[in-house]
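# Close look at the chain arrangement
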Amino acid sequence: MCCETNRRFLLLYASQKGQAQAIAEEICQQATERGFRADIHCISESDKYNLNREKDPVVIVTSTTGDGEPPDTAIKFVKEINDKTLPLDHYSHLRYGLLGLGDSEYTFFCNGGKLIDKRLRELGAEHFYETGLADDSVGLELVVDPWIAGLWAALSREFASRKEEPGQRDRTASLRGSIGCKIEHLTLEDLAAQNGVFSNSEGKAPAGPPVQASQPSLSRSVPPLSQSVLSVPALPPEYLEVEFQENVSQESSPVGECLPLGPEGPLVQVPVSRAVRLTRDDAVKTTLLLELDVSETTFSYQPGDAFNVTCPNDASEVDELLHLLGLSEKKEHLVCLKVKPGTKKKGADVPRYIPGRSSVNFILTWCLEIRTVPKKALLRSLVEYTADAEAKRRLQELCSKQGASDYNAFVRDASVCLLDLLRAFPACKPPLGLLIEHLPKLQARPYSAASSSLFQPGKMSFVFNVLEFPSHLGEKRRGVCTGFLAGQVLPLLQSTMKNQTPLRPKITISPRPVNAFHLPDDPSVPLLMVGPGTGIAPFVGFLQHREKLREDDQGSPFGETWLFFGCRSQAKDYLFREELQRFVENGTLTRLKVCFSRDPPAPAQPAAPKYVQDLLWLCWKDVARILLEERGCLYVCGDAKNMAKDVNDTLVNILIAERGCDKLGALKILAALRDEKRYLQDIWA
């Protein structure tokens with residue numbers, strides 16, 4: 001069979017929240033239209049493919065999670081390719097292209113993809129197409145769309161080269177390799193410009209004030225976009241058939257029984273034994289501490305561990321969705337899902353995260369991420385279910401190449417969700433099956449334990465800010481999980497003030513993968529802990545653990561412990577103030593360094609430190625001594641967008657000052673500390 005009739009390539013995706021999978025499925029769909037055959041699999045499905053014997057080109061799409069880690073679905077794969085016994089030519093037969101997804105607000109941008117890319121090349125694999133690194137902070141599509149557009153020519157060249165004589169193929173490969181070394185990691189601007197994304201100013205905001213009588217919005221466009229000929233993406237093939245069945249019993253199974261197992265273990269329902277507000281009523285943020293009773297379960301944890309909380313979507317938002325979709329009267333009907341016969345979608349299947357015989361209400365409440373920002377593929381599909389001509393046109397604009405600027409401004413940057421779209425376009429009435437096809441799985445939310453089971457047997461505490469933000473129209477919304485938790489424990493908080501004993505609410509939790517954010521096994525190792533705001537949570541667990549160890553083994557040496565903590569106001573949001581003072585007084589905490597970014601400086605200290613990185617710099621000699629001379633461990637927990645980067649920059653300056661090296665030398669020292677698991681981060685955007 002000639003290459004033109006069997007242009008197969010292996011397509012692997014490693015996804016944490018469904019983003020990489022959706023992109024891989026788009027590649028798969030386009031492949032069929034362009035005469036290729038994509039053999040698509042999740043990278044964890046190692047029983048369905050074999051890289052050791054793979055002869056066809058390989059395309060990999062992978063996201064990044066946590067502190068630059070590969071997604072959970074890729075952990076086993078990464079472990080296997082990192083086997084030090086593998087020969088350096090293990091994958092010399094392999095030719096591949098890789099698309100990495102990440103967020104530049106994190107320190108290790110696209111590190112999941114970079115780790116896989118680097119290791120494959122170390123094992124002899126070669127690129128047939130340059131690596132793409134897409135940045136979610138500015139819009140994945142700026143790199144994803146042109147990368148996919150260029151993939152087909154690269155695959156065609158690759159298949160053409162395979163028909164050449166061996167000698168000619170070697171010369172072609174050599175030439176491609178010399179070019180490839182120059183284009184291997186194109187910047188976002190380079191890759192976009194190469195494919196014409198920035199080739200002209202069309203779609204950009206005008207330099208001066210607008211001359212139109214009206215301003216564009218989510219539901220309304222203005223010239224030149226409203227008068228432009230549009231390049232609209234192909235309509236994604238629908239693949240789910242929905243049948244509604246009346247629920248005679250009108251009963252629902254407990255959530256823990258309905259939802260599938262998490263990747264790390266079963267879901268566990270545990271009661272909330274205590275809820276405390278840690279901030280004053282006039283603080284900028286509301287911070288709550290919840291204590292869970294895990295004594296009747298097999299759930300176990302160490303200080304520094306994170307765990308998942310399974311949460312539902314907001315009930316009022318689900319009810320409004322049901323109303324707008326015309327499904328209010330069918331909310332308790334059972335849903336039977338089947339793959340449509342003859343669908344053109346390759347590998348179509350019923351989502352495994354939707355249990356059989358679920359009600360409409362259950363699916364929208366517990367299974368689908370209804371707050372997710374709609375992708376252009378969903379907007380394109382909604383066009384087909386919109387009766388109004390103007391609304392249809394606007395949806396076409398928002399998913400078109402010409403409307404990229406409007407999509408970013410009014411959809412992505414505004415964090416618009418499905419409910420916002422249906423409000424803005426009331427003539428749009430999509431079927432439930434379409435939403436199940438396009439909305440990702442409702443993800444459990446991770447939280448860090450703020451306690452030690454050695455100090456509090458059978459208990460586990462955690463801390464969170466109740467996230468509040470405006471919708472694109474200015475209405476106040478709460479975070480999906482933090483809003484749910486705050487509502488669940490409201491009776492507990494109110495009863496504390498009234499000296500009542502209410503019923504204890506229950507929440508559903510599950511373990512997360514084993515991480516390295518743990519205390520060193522040797523208690524004599526000194527610790528540096530940096531945790532502003534709720535980033536202090538794991539360090540409370542660390543110190544509780546150390547306190548108990550000191551009580552139980554008073555003859556053993558214990559290393560120094562330094563905590564660098566910051567918040568806005570000493571009076572309003574100084575978290576765990578009394579507990580931290582107790583740690584200092586009993587010797588568990590050697591040094592407590594605090595700063596308050598919004599408090600006016602005292603007259604005697606006009607240049608008082610405002611942020612934790614300022615505290616680190618003031619103590620730079622001790623920081624350098626503990627890290628370099630005493631081989632201590634440094635832990636950083638909290639915001640990735642600013643704090644983690646600023647702390648890292650300060651550490652670079654400390655190392656330059658201490659060692660007299662340049663910036664590159666300081667970065668190499670930090671890299672070595674990370675490799676030795678002595679510089680650890682637990683950060684989030």
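Residues numbered from 1 in each chain as written. Predicted model: local features only at pLDDT ≥ 70, side-chain atom pairs only at ≥ 80, totals over all residues. Heavy atoms only, no water.

### What about the overall build of the chain?
Of regular secondary structure, the chain possesses 21 helices and 22 strands. When burial is assessed residue by residue, the chain has 49% of its 685 residues classed as buried. Counting contacts in the chain only where the partners sit at least 6 residues apart, residues at least 24 apart contribute 79% of the total. As presented, the chain carries roughly 32,600 Å² of accessible surface, and 51% of it is formed by carbon and sulfur atoms. (Helix = DSSP H or I, 4+ residues; strand = E, 2+ residues; numbered from the N terminus. Buried < 20%, exposed > 50% of the residue type's maximum accessible area, 1.4 Å probe, protein only. Contact = heavy atoms within 4.5 Å. Areas by Shrake-Rupley, 256 points an atom, 1.4 Å probe, with all protein chains shown as cover.)

### Concerning the sheet that holds strand β17 (residues 506-511)
The sheet built from six strands is open, its strands ordered β13-β10-β17-β8-β9-β14 with antiparallel pairing. If you trace the sheet from one side to the other, it starts and ends with β13 (445-448) and β14 (459-465), each paired once. Mean inter-strand twist for the sheet, computed between neighbouring axes without regard to direction, equals 45°. (Pairing = 2+ DSSP bridges. Axes fitted to C-alpha atoms, helices over the stretch in contact; angles between N-to-C directions.)

### What to know about helix α12 (residues 404-412)
Those residues of α12 not exposed but buried are D406, Y407, N408, F410, V411 and R412. The elements touched by buried residues of α12 are α4 (141-161), α10 (376-383) and α11 (389-399).

### Notes on the environment of L225
Relative to the elements of secondary structure, L225 occurs in the loop between α6 (188-194) and β7 (240-245). Looking at L225, the relative accessible area reads 10%, which means it is buried. For the pair L225 and D406, spaced 181 residues apart in sequence, the C-alpha to C-alpha distance is 9.0 Å. Setting aside anything within four residues of it in sequence, one finds L225 in contact with L230, R393, R394, E397, Q402, G403 and D406.

### A short note on the packing of aromatic side chains
Under the criterion given, the structure shown has 18 aromatic pairs. One aromatic cluster in this structure is built from F9, F36, W152 and F159. Lying over the aromatic face of F36, R7 brings its terminal NZ or CZ to 3.9 Å of the ring centre. Taking the ring centre of F583 as reference, the NZ or CZ of R582 above it sits at 4.9 Å. (Phe/Tyr/Trp six-rings, centres within 6.5 Å; stacked < 30°, edge-to-face > 60°. Lys NZ or Arg CZ within 6 Å of the ring centre and 35° of its normal.)

### Let's talk about unusual backbone geometry
Cis rather than trans, the peptide bond between P223 and P224 has omega equal to 10°. Topologically, P224 is positioned in the loop between α6 and β7. The phi dihedral of C110 falls on the positive side, at around 55°, and the residue is not glycine. Within the fold, C110 resides in the loop between β4 (95-102) and α3 (111-122). Positive phi, normally seen in glycine, also occurs at R631, with a value near 55°. On the secondary structure map, R631 appears in the loop between α19 (620-629) and β21 (633-639). Classification of R631 as partly exposed rests on a relative accessible area of 47%.

### Concerning the packing of helix α20 (residues 643-659) against helix α21 (residues 663-675)
Look at α20 against α21: their axes get within 9 Å of each other, and the N-to-C directions meet at 115°. Put simply, α20 runs roughly perpendicular to α21. Relative to α21, the crossing made by α20 is right-handed. Across the interface between the two elements, N648, L651, V652, L655, I656 and R659 from α20 touch K663, A666, L667, I669, L670 and R674 from α21. Residue classes in the contact of α20 with α21 are distributed as eight nonpolar, one polar and three charged. (Parallel < 35°, antiparallel > 145°, perpendicular 65-115°, else oblique. Left-handed = near helix turned anticlockwise from the far one by under 90°. Nonpolar A, V, L, I, M, F, W, Y, C, P; charged D, E, K, R; others polar.)

### As for the pattern of salt bridges
Side-chain pairs of opposite charge can arise where the charged atoms are in close proximity. Here the structure, examined in full by the defined rule, presents 39 salt bridges. Residue R119 pairs with E122 through a salt bridge whose shortest N-O separation is 3.1 Å. One end of the pair, R119, and the other, E122, are both in helix α3, three residues apart, so they sit about a helical turn from each other. Residue R119 is classed as buried on the basis of its relative accessible area of 9%. The residue D420 makes a salt bridge to R423 at a minimum N-O spacing of 3.9 Å. Of this pair, D420 and R423 are both found in helix α13 (residues 418-424), three residues apart, which corresponds to roughly one turn of the helix. You can call R423 partly exposed: its relative accessible area is 33%. Via salt bridges that share partners, E320, D420, R423, E475 and R477 belong to a single interconnected network. (Salt bridge = Lys/Arg side-chain N within 4 Å of Asp/Glu carboxyl O.)

### Some thoughts on the confidence of the model for the chain
Predicted coordinates in regions of low pLDDT should not be interpreted in detail. Here the chain shows a mean pLDDT of 88. Residues at 70 or above account for 88%. Low pLDDT, under 50, characterises residues 167-213; the predicted model gives this stretch 47 contacts beyond four residues in sequence or across chains. (pLDDT = per-residue confidence, 0-100.)

### Digging into the sheet that holds β7
The strand order β7-β11-β12 describes an open sheet built from three strands, whose pairing is antiparallel. Of all strands in the sheet, those with a lone pairing partner are β7 and β12 (358-359), marking the two edges. Of the pairings in the sheet, the one linking strand β11 (residues 334-339) to β12 comprises two bridges and is antiparallel in character. Counterpart to L334 in the pairing with β12 is S359.

### Thoughts on the pairing of strand β22 (residues 679-684)
Taking burial as the measure, the six residues of β22 include five buried ones, the bulk of the element. Examined bridge by bridge, β21 and β22 share six bridges and lie parallel to one another. Bridge pairing in β22 places L634 opposite Y679.

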